[in-house]
Amino acid sequence: MRLNSEWIVWLVLIVNLLIAVIYMAVMYARTKLRYVFLRGIIMICCPVTAVCCYTLSWLLGKFFKTEVDYENLSMDKTKKEFEQEIDKETEMKKLPIEEVLTVSTTKDRREAMINLLKTDVSDSLSLIRKAVENEDPETAHYAASALTDVMGRFTAEVNQLQAAYDQDRTNREINEEYIDALLRILGSGALFGVEEMMYLYIFTGLVENLMQHHPDAVTSEHCSMMVKALYKEGKSAEAERWAELSREKWPDEEQGYLNLLYIKYNLDKNEEFYQCLKELTGSGIPLSPRGLDIIRYWLAK
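A short tour of the structure in this document, coming up. Since this is a predicted model, take the numbers as computed values, not measurements.

### Concerning the overall build of the protein
In step 1: Scanning the protein from N- to C-terminus turns up 16 helices and 0 strands.
In step 2: Buried residues in the protein amount to 33% of all 301 residues.
In step 3: Expressed as a percentage of contacts within the protein between residues at least 6 apart in sequence, the contacts between residues at least 24 apart total 53%.
In step 4: In the structure as shown, the protein presents an accessible area of about 19,300 Å², 58% of it carried by carbon and sulfur atoms.

This is the structure we're talking about:
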């Protein structure tokens, strides 16, 4: 009799263990929630009783429809802990690409560069230019290939625009289209050295031509780039003239003052620089965050 009782106890324990293991395997496969393992352990530690309690709870939930809607518990901390597994690849995509290319592992750099190249890189050319000099040869190779492709397409576009421009230099539409194409590449950070200077010379010639034939078509953005381009070309007097022109033509815009501040500072004309800064401060023009930062910085000195 005693032997039979022991066998019954062992049989109950084994069946209970199988139920707990099956429960954990099935429920985790369906829900991916880690609390099912805790329930399974409770079933093992409290044989029969825990199984009966969970079974009864499940039946009551089905009958009275009281099952918890975990999707609606968006602010529940335990739900986040159970459901949110760390996806390294997703998290890497959220990091600034500059940080990934600087401090990450070689594998992460390569993955980040590949993910970047899958997107529209037209707004990331400065990053790709930096990545060309990356210490990892494969990352640098990816970046160089992408940059070569972008510059190849840009060169083809410029050749077409140059041909159309040479046919009729008074054509406003072609002139503006050519200028816009150069503004995009010059503002991208992808150019430097001789290559940048070549396109700056082309740009200044185009804007001067537009000013000659269609002065009303010259914009504040054109003037701003003209000031920087002419200064880099070593034509300081012309750069200063364009800065003055931008303030005269758009007296109610911040950019005209910023153009003057840029050239006065680079020419070491301190008195005129501070005079312009004072005029901008008292102008009543709504300032951008950049304009406010400039005023705060220089007035604090």
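### Quick word on the pattern of salt bridges
In step 1: Tallied over the full model, the rule gives 12 salt bridges.
In step 2: Its salt-bridge partner being lysine 264, residue glutamate 244 comes within 3.9 Å of it at the nearest N-O pair. Here glutamate 244 is found in helix H13 (residues 236-249), whereas its partner lysine 264 is found in helix H14 (residues 254-266), with 20 residues between them in sequence.
In step 3: When its relative accessible area of 5% is taken as the criterion, lysine 264 is described as buried.
In step 4: Its salt-bridge partner being glutamate 272, residue lysine 264 comes within 2.5 Å of it at the nearest N-O pair.
In step 5: Within the structure, one salt-bridge network assembled from shared partners comprises Glu240, Glu244, Arg247, Lys264, Lys269, Glu272 and Glu279.

### Here we look at the nonpolar core
In step 1: Judged by nonpolar contacts, the single largest core of 52 residues is most densely connected at Leu182, Leu186, Phe203 and Trp242.
In step 2: For this core, the leading source of residues is helix H9 (residues 137-167), giving 9 residues.
In step 3: Among the nonpolar cores identified, the runner-up in size contains 8 residues, and Ala20, Tyr23, Val36 and Ala50 belong to it.

### Some words on the environment of leucine 287
In step 1: Along the polypeptide, leucine 287 turns up in the loop between helix H15 (270-281) and helix H16 (289-299).
In step 2: By relative accessible area, which is 25% here, leucine 287 ends up partly exposed.
In step 3: Taking the C-alpha atoms as reference points, leucine 287 and glutamine 255, separated by 32 residues in sequence, lie 9.5 Å from one another.
In step 4: Look past the residues within four positions of leucine 287 in its chain and what remains in contact with it is Glu254, Leu280, Leu292 and Ile295.

### A short note on a nonpolar patch on the surface
In step 1: A surface patch of nonpolar side chains, about 670 Å² in accessible area, is lined by Val9, Trp10, Leu13, Ile14, Leu18, Ile22 and Val26.
In step 2: In this fold, leucine 18 is placed in helix H1 (residues 2-31).

### Quick notes on the packing of aromatic side chains
In step 1: Applying the stated criterion across every chain, the model contains 9 aromatic pairs.
In step 2: Members of the aromatic cluster, each reached through a chain of ring pairs, are Tyr265, Phe273, Tyr274, Tyr297 and Trp298.

### Thoughts on unusual backbone geometry
In step 1: One non-glycine residue, aspartate 268, adopts positive backbone phi at about 60°.
In step 2: Note that aspartate 268 resides in the loop between H14 and H15.

### Notes on the packing of H14 against H16
In step 1: At a minimum axis separation of 11 Å, H14 and H16 run at an interaxial angle of 45°. Classed by the angle they form, the pair H14 and H16 counts as oblique. Crossing of H14 over H16 shows left-handed handedness. Contact residues: Glu254, Gln255, Leu258, Leu261 and Tyr265 in H14; Arg290, Gly291, Ile294 and Trp298 in H16.

### Some thoughts on the environment of isoleucine 285
In step 1: Mapped onto the fold, isoleucine 285 is located in the loop between H15 and H16.
In step 2: Overall, the relative accessible area of 12% leaves isoleucine 285 in the buried class.
In step 3: Along the primary structure isoleucine 285 and proline 251 are separated by 34 residues, whereas in three dimensions their C-alpha atoms are 9.2 Å apart.
In step 4: With sequence-adjacent residues up to four places away left out, isoleucine 285 is seen in contact with Pro251, Asp252, Glu253, Glu254 and Tyr257.

### Overview of the side chain of asparagine 16
In step 1: For asparagine 16, the location among the structural elements is in helix H1.
In step 2: Discounting residues that sit within four places of it in the chain, asparagine 16 has contacts with Met43, Ile44, Pro47, Val48 and Val51.

### Some words on helix H12 (residues 220-232)
In step 1: Taking 1.5 Å per residue, 13 residues should reach 18 Å; H12 reaches 19 Å between its end C-alpha atoms and fits that length.
In step 2: Within H12 the residues assigned to the buried category are Ser220, His222, Cys223, Ser224, Met225, Met226, Val227, Ala229 and Leu230.
In step 3: As for H12, its buried residues are in contact with helix H10 (172-186), helix H11 (193-213), H13 and H14.
In step 4: Among the residues trailing H12, glycine 234 stands out with phi positive, at a value near 90°.

Calculation rules
- Residues numbered from 1 in each chain as written.
- Predicted model: local features only at pLDDT ≥ 70, side-chain atom pairs only at ≥ 80, totals over all residues.
- Heavy atoms only, no water.
- Helix = DSSP H or I, 4+ residues; strand = E, 2+ residues; numbered from the N terminus.
- Buried < 20%, exposed > 50% of the residue type's maximum accessible area, 1.4 Å probe, protein only.
- Contact = heavy atoms within 4.5 Å.
- Areas by Shrake-Rupley, 256 points an atom, 1.4 Å probe, with all protein chains shown as cover.
- Salt bridge = Lys/Arg side-chain N within 4 Å of Asp/Glu carboxyl O.
- Core = buried A, V, L, I, M, F, W, Y, C linked by side-chain atoms within 4.5 Å.
- Patch = residues over 30% accessible without salt bridge, like charges linked within 9 Å, V, L, I, M, F, W, Y side chains within 5 Å.
- Phe/Tyr/Trp six-rings, centres within 6.5 Å; stacked < 30°, edge-to-face > 60°.
- Axes fitted to C-alpha atoms, helices over the stretch in contact; angles between N-to-C directions.
- Parallel < 35°, antiparallel > 145°, perpendicular 65-115°, else oblique.
- Left-handed = near helix turned anticlockwise from the far one by under 90°.
- Expected span 1.5 Å × (residues − 1).

Without other data, these values stay purely geometric and don't point to any function.
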